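Here is how the chains run, residue by residue.
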Amino acid sequence: MFGCMAQVSGSSVVEGVLIDWVVHRPVEPSRLPPEWLSDEQLAAELQRVQRRRAQDAAHEAELVLALAGQRHRRRTRRRSIRVRGGRGGPRSRVTVR
């Protein structure tokens, strides 16, 4: 069965306080050799593989965009700007952080 979750739970004492905890972990289905599957099972498995691949590609795109955004913000904050001194005084460079 696909989409199953294994549940692990327990109790721990941290600094004299009892804490109950639960962890849910997805269970990967065992893979049968393709030769053992019917046409319908092969088609369903192929769709699952393609769906996971599409989800991974979408997640990868989100990560790339987030990284690019962080780098852009970092670069923009460090950009130098020119500031004019008071009453037409000399100009100086100030780094914006």
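Each value, and the rule that gives it
Residues numbered from 1 in each chain as written. Predicted model: local features only at pLDDT ≥ 70, side-chain atom pairs only at ≥ 80, totals over all residues. Heavy atoms only, no water. Helix = DSSP H or I, 4+ residues; strand = E, 2+ residues; numbered from the N terminus. Buried < 20%, exposed > 50% of the residue type's maximum accessible area, 1.4 Å probe, protein only. Contact = heavy atoms within 4.5 Å. Areas by Shrake-Rupley, 256 points an atom, 1.4 Å probe, with all protein chains shown as cover. pLDDT = per-residue confidence, 0-100.

### Some words on the overall build of the protein chain
Step number 1: Within the protein chain, the regular secondary structure consists of 1 helix and 4 strands.
Step number 2: Helices (α) and strands (β) of the protein chain occur, in sequence order from the N terminus, as β-β-α-β-β.
Step number 3: Buried residues in the protein chain amount to 1% of all 97 residues.
Step number 4: Residue pairs in contact within the protein chain that sit at least 24 positions apart in sequence constitute 7% of those at least 6 positions apart.
Step number 5: When the accessible area of the protein chain is evaluated, it comes to approximately 9100 Å², of which 54% is carbon and sulfur surface.

### Details of the confidence of the model for the protein chain
Step number 1: In this model, the protein chain carries an average pLDDT of 79, and 69% of its residues clear a pLDDT of 70 or more.
Step number 2: Summarising per-element confidence for the protein chain, the mean pLDDT is lowest in strand E3 (residues 80-84) (55) and highest in helix H1 (residues 39-77) (92).

### Notes on the environment of Val22
Step number 1: By the element assignment, Val22 lies in strand E2 (residues 17-26).
Step number 2: Through-space distance from the C-alpha of Val22 to that of Gln7 is 6.8 Å; in sequence the pair is 15 residues apart.
Step number 3: If we skip the residues at most four places from it in the chain, Val22 touches Gln7, Val8 and Ser9.

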